[in-house]
Amino acid sequence: MNQIIKNLIVSAGGVVLVACSTVRVEENRMETVVLDKTDAIAVLGRRHGSSYNTEYDLVSCVASNIGHDGLQVISETELSDELYPWLEPRIAPIRIEAMLYMMNRPTVRERLNAMNLRYVVWVDGSTQTTDQSGSMSCAIAPGFAGCYGMGIWTNESGYEVSIWDIEQNREIDQISVSAEGTSYLPAIVVPIPIIARVQSSACNGIAMQVKSYFKGETGETPN
Amino acid sequence: MNNIVNKYQIYILLLSALLAGCGGTRVVVTDEYPIPSLKKYPYSAGLVIPPEFSTYIYQEARTDRGMKSVDLGAAQARIIGNVLRGMFATLEQYESRPESISVDVMFEPRLEAFQYALPAETSVEVLEVWAKYAIRISDRGGREIADWGVTAYGKSGEGFMSNMGSIFAEAVRVAVRDLGANIILGLPRDIGFKSWLDDQGAELTP
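First, a word on what this report is: a plain description of the structure on this page. (Residues numbered from 1 in each chain as written. Chains lettered and ligands numbered in written order. Predicted model: local features only at pLDDT ≥ 70, side-chain atom pairs only at ≥ 80, totals over all residues. Heavy atoms only, no water.)

### Thoughts on the nonpolar core
For step 1, the next point in the chain: Core analysis: the largest hydrophobic core is formed by 76 residues, its most contacted members being A:Leu79, B:Met87, B:Phe88, B:Phe107, B:Ile137, B:Phe168 and B:Phe193.
For step 2, the next point in the chain: Examining the composition of this core, we find that eleven residues originate from one element, helix 4 (residues 164-186) of chain B, more than from any other.
For step 3, the next point in the chain: In contact with A:Leu79, not counting residues within four places along its chain, are A:Ala42, A:Leu44, A:Ile74, A:Leu87, A:Leu112, A:Met115 and A:Leu117.
For step 4, the next point in the chain: Listed in part, the 30 residues of the second largest apolar core include A:Leu58, A:Val123, A:Ala196 and A:Tyr213. (Core = buried A, V, L, I, M, F, W, Y, C linked by side-chain atoms within 4.5 Å. Buried < 20%, exposed > 50% of the residue type's maximum accessible area, 1.4 Å probe, protein only. Helix = DSSP H or I, 4+ residues; strand = E, 2+ residues; numbered from the N terminus. Contact = heavy atoms within 4.5 Å.)

### Here's the deal with helix 4 of chain B
For step 1, the next point in the chain: Between its terminal C-alpha atoms helix 4 of chain B stretches 32 Å, which fits the 33 Å expected from 23 residues at 1.5 Å a residue.
For step 2, the next point in the chain: Of all 23 residues making up helix 4 of chain B, 20 are buried, and the element is well covered by its neighbours. (Expected span 1.5 Å × (residues − 1).)

### Focus: the packing of aromatic side chains
For step 1, the next point in the chain: This structure, assessed with the given rule, holds 14 aromatic pairs over all chains.
For step 2, the next point in the chain: Here the aromatic rings of B:Tyr43 and B:Trp196 are separated by 5.4 Å at their centres, their planes lie at 70 degrees, and the arrangement is edge-to-face. Taken together, the residues B:Tyr43 in strand 2 (residues 41-48) and B:Trp196 in helix 5 (residues 191-200) connect sequence positions 153 residues apart.
For step 3, the next point in the chain: On the basis of relative accessible area, B:Tyr43 is assigned to the buried category, the value being 11%.
For step 4, the next point in the chain: In this structure B:Trp196 comes out as buried when scored by relative accessible area, which is 7%.
For step 5, the next point in the chain: Between B:Tyr116 and B:Phe168, the ring centres sit 4.9 Å apart and the planes meet at 70 degrees, which makes this aromatic pair edge-to-face. With B:Tyr116 in strand 6 (residues 105-117) and B:Phe168 in helix 4, this residue pair connects regions lying 52 residues apart in the sequence.
For step 6, the next point in the chain: Connected via pairs of aromatic rings, a cluster forms that spans B:Tyr41, B:Tyr43, B:Phe88, B:Phe107, B:Phe193 and B:Trp196.
For step 7, the next point in the chain: Sitting over the face of the ring of A:Trp122, A:Arg46 holds its NZ or CZ atom 3.7 Å from the ring centroid. (Phe/Tyr/Trp six-rings, centres within 6.5 Å; stacked < 30°, edge-to-face > 60°. Lys NZ or Arg CZ within 6 Å of the ring centre and 35° of its normal.)

### So, the interface of chain B and chain A
For step 1, the next point in the chain: In this assembly, 31 residues from chain B lie in contact with 30 residues from chain A.
For step 2, the next point in the chain: Around 2,300 Å² of area is buried between chain B and chain A when both sides are counted, 55% of it from carbon and sulfur atoms.
For step 3, the next point in the chain: Looking only at chain B, the three residues that lose the most surface to chain A are B:Ser37, B:Lys155 and B:Arg177, adding up to 27% of its buried area.
For step 4, the next point in the chain: There are three salt bridges connecting chain B and chain A.
For step 5, the next point in the chain: Applying the counting criterion to the chain B and chain A interface returns twelve residue pairs in polar contact (both at pLDDT 80 or more). (Buried area = accessible area lost by both parts, 1.4 Å probe. Salt bridge = Lys/Arg side-chain N within 4 Å of Asp/Glu carboxyl O. Polar contact = N/O pair within 3.5 Å; in protein donor to acceptor, adjacent residues only side chain to side chain.)

### What about the pairing of strand 8 (residues 144-157) of chain B?
Residue and element names in this part refer to chain B.
For step 1, the next point in the chain: Bridge analysis of strand 7 (residues 126-139) against strand 8 gives 13 bridges, and the strand direction is antiparallel. In the strand pairing of strand 8, Arg 136 is matched with Asp 147.
For step 2, the next point in the chain: As consecutive antiparallel partners, strand 7 and strand 8 are separated by four residues, and within that stretch Gly 142 has a phi angle of approximately 85 degrees, a positive value. (Pairing = 2+ DSSP bridges.)

### Points about the sheet that holds strand 5 (residues 88-94) of chain B
By definition, the strands of a sheet pair up through backbone hydrogen bonds, in either a parallel or an antiparallel sense.
Residues and elements named next belong to chain B.
For step 1, the next point in the chain: Across the sheet, which stays open at both edges, the five strands sit in the order 5-2-6-7-8 with mixed pairing between neighbours. Of all strands in the sheet, those with a lone pairing partner are strand 5 and strand 8, marking the two edges. When the angles between neighbouring strand axes are averaged without regard to direction, this sheet yields 25 degrees.
For step 2, the next point in the chain: The pairing of strand 6 with strand 7 spans twelve bridges and is antiparallel. (Axes fitted to C-alpha atoms, helices over the stretch in contact; angles between N-to-C directions.)

Below you can see the structure in the form of structure tokens.
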């Protein structure tokens, strides 16, 4: 019996199952662009909302995903440091006109030119737990340790993406991505997490649409 | 016998882990911050950062918040130094106020308040940090130009299975950067400092 429990623990420890999540992508292309090989793209998160924060790891995931496809991407950290303090949440430009005002500063213009930055991808939104239920109890006693119960929670993502062409001073694309998934944590002695990777799905949805935009492809919806 | 020893070793390990969890989170904040890209005032500045400011650690008095301490000193000292270095032609740093001032303008910051709200204490899934500073600004003759108040605010989202220490450190990092941004934007608008700048014949914004 002990051997069975041991095997169960070992196999549960090695396996994290993935639950399903659904992603919905909508796009409003205002203009199409032909990306020059020297043009760089920066992906930035919006953090001015009072009740949520666009996650740093989501922004970094989108940037890295876009960068894998050969596009020249500047990370959020690098750009925020280079242009400090002009991209801090308190003063980051909400509209393209404010970006123009910021870029009129010679020191800012000089640094942007040095980086060949042409496009800014703003990501605004968050992933939140909207519903959770179930209960689980765990106990440790001499010779035995285990959990029993079931936990269920639903995560929902909602992100609005806006792409700015800072050379032409205009907004050129808007993308809306929503994702949803339910995770399960059943436990009979050992908890077995079945996690819906909602934020990761939203990241893939955003990155796929941004890449498709810069490649001049017609709009596609990721599965 | 060996089995019994092994069993007790496991119990001691589990108990130690549980007790370590009861100790509360210690937050260590990065002290790497950028020097801003600004047009500099053509004056020399001095900055007094006493050891109690650069090594400041906030200690949580309450035991029911799961927090132990926030190591804020190095971060706050670094950002103020970097910001003033970006705003003025030169910057001299001191640990205590020198007897004779050899710079055009001297800055002496002090922390007046530090507060935070955990996600469990608010209706939103973010951890918020707020700090209030006062900066005494004096001229070459040691006369006070202003005792200027400036705040810092930062927030960080709570992620799935994220660790409280890293969320807290992220919120403090954002707040420290916000302090720098507030100094850059707010200082030229302070009446006392503005009037000193007018006397020097300088432009109002860096």
